[in-house]
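Here are the chains, one letter per residue:
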Amino acid sequence: MEQHYKLFRVRELADNDEDFIATLAEAFLEEVPEDAERLKKAVAEKDYYNTYQAAHKMKPTIDLFELGVLDVLIEVQDWGKFEKRDLDISSQLEIVLSAVENTIAEIKSDFNL
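Basis of the calculations
Residues numbered from 1 in each chain as written. Predicted model: local features only at pLDDT ≥ 70, side-chain atom pairs only at ≥ 80, totals over all residues. Heavy atoms only, no water. Helix = DSSP H or I, 4+ residues; strand = E, 2+ residues; numbered from the N terminus. Contact = heavy atoms within 4.5 Å. Areas by Shrake-Rupley, 256 points an atom, 1.4 Å probe, with all protein chains shown as cover. Lys, Arg positive; Asp, Glu negative; His and termini not counted. Charge placed at Lys NZ, Arg CZ, Asp CG, Glu CD. UniProt positions renumbered as here; feature names shortened; annotations may be inferred. Buried < 20%, exposed > 50% of the residue type's maximum accessible area, 1.4 Å probe, protein only. Core = buried A, V, L, I, M, F, W, Y, C linked by side-chain atoms within 4.5 Å. Axes fitted to C-alpha atoms, helices over the stretch in contact; angles between N-to-C directions. Parallel < 35°, antiparallel > 145°, perpendicular 65-115°, else oblique. Left-handed = near helix turned anticlockwise from the far one by under 90°. Nonpolar A, V, L, I, M, F, W, Y, C, P; charged D, E, K, R; others polar.

In terms of regular secondary structure, the protein is built from five helices and zero strands. For the protein, long-range pairs separated by at least 24 residues make up 64% of all intrachain contacts whose partners lie at least 6 apart in sequence. Put simply, the protein shows about 6500 Å² of open surface, and 48% of that area lies on carbon and sulfur atoms. Side chains of the protein give 13 positive and 26 negative charges; the mean places of these two sets differ by 7 Å.

Written as structure tokens, this is what we have:
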């Protein structure tokens, strides 16, 4: 439990209400995989606007669950925001996607979802 993510801030936000914590975990599973797929597609298509939008939308959740990749996600976001055409962002994207995938699997297991 909590190898790829941390619940400290989630617990603090939820005032240790286990039902609310489970609801936040479910919300993570509903939102983040969809956003990660959008981000992956946008980067592949060099769609800077949608890269920025998807990364920006993911930031609060990635931060709340403390995946440890917020700085890397911001690099991906800034690649889109500033249209850094001369920069290959694929390795940073893979770090983010890997962290998200690991967290999804762990949350599903931890919360029996």
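What follows continues from the structure just given.
UniProt records the feature "modified residue: Phosphohistidine" (unreviewed entry) for His56 in the present numbering. In this structure histidine 56 comes out as partly exposed when scored by relative accessible area, which is 39%.

Let's shift gears to the nonpolar core. In this structure, Leu39, Met58, Phe65, Leu67 and Val100 are the most contacted members of the largest nonpolar core, which totals 35 residues. Listed by contribution, the elements that provide at least two residues to this core are helix H1 (8-14), helix H2 (18-44), helix H3 (48-64), helix H4 (70-81) and helix H5 (90-110). A per-element tally of this core places H2 first, with nine residues. Beyond its immediate chain neighbours, meaning those up to four positions away, phenylalanine 65 contacts Tyr5, Lys6, Leu7, Val10, Leu24, Ala25, Phe28 and Ile107.

Below, the discussion takes up the UniProt feature "domain: HPt" (unreviewed entry) in the protein. Cross-referencing UniProt, the feature "domain: HPt" (unreviewed entry) maps to residues 17-110 in the present numbering. For residues 17-110, the helix share is 82%, the strand share is 0%, and the end-to-end C-alpha distance is 16 Å.

Running from N to C, H2 and H3 cross one another at 150 degrees; their axes reach a closest spacing of 9 Å. Taken as axis vectors, H2 and H3 run roughly antiparallel relative to one another. Where H2 crosses over H3, the two elements pack in a sense that is left-handed. Taking contact as the criterion, the partners of Phe28, Glu31, Val32, Asp35, Ala36, Arg38, Leu39, Ala42 and Val43 in H2 are, on H3, Asn50, Thr51, Gln53, Ala54, Ala55, Lys57, Met58, Thr61 and Ile62. Residue composition of the contact of H2 with H3, grouped by class: 10 nonpolar, four polar and four charged.

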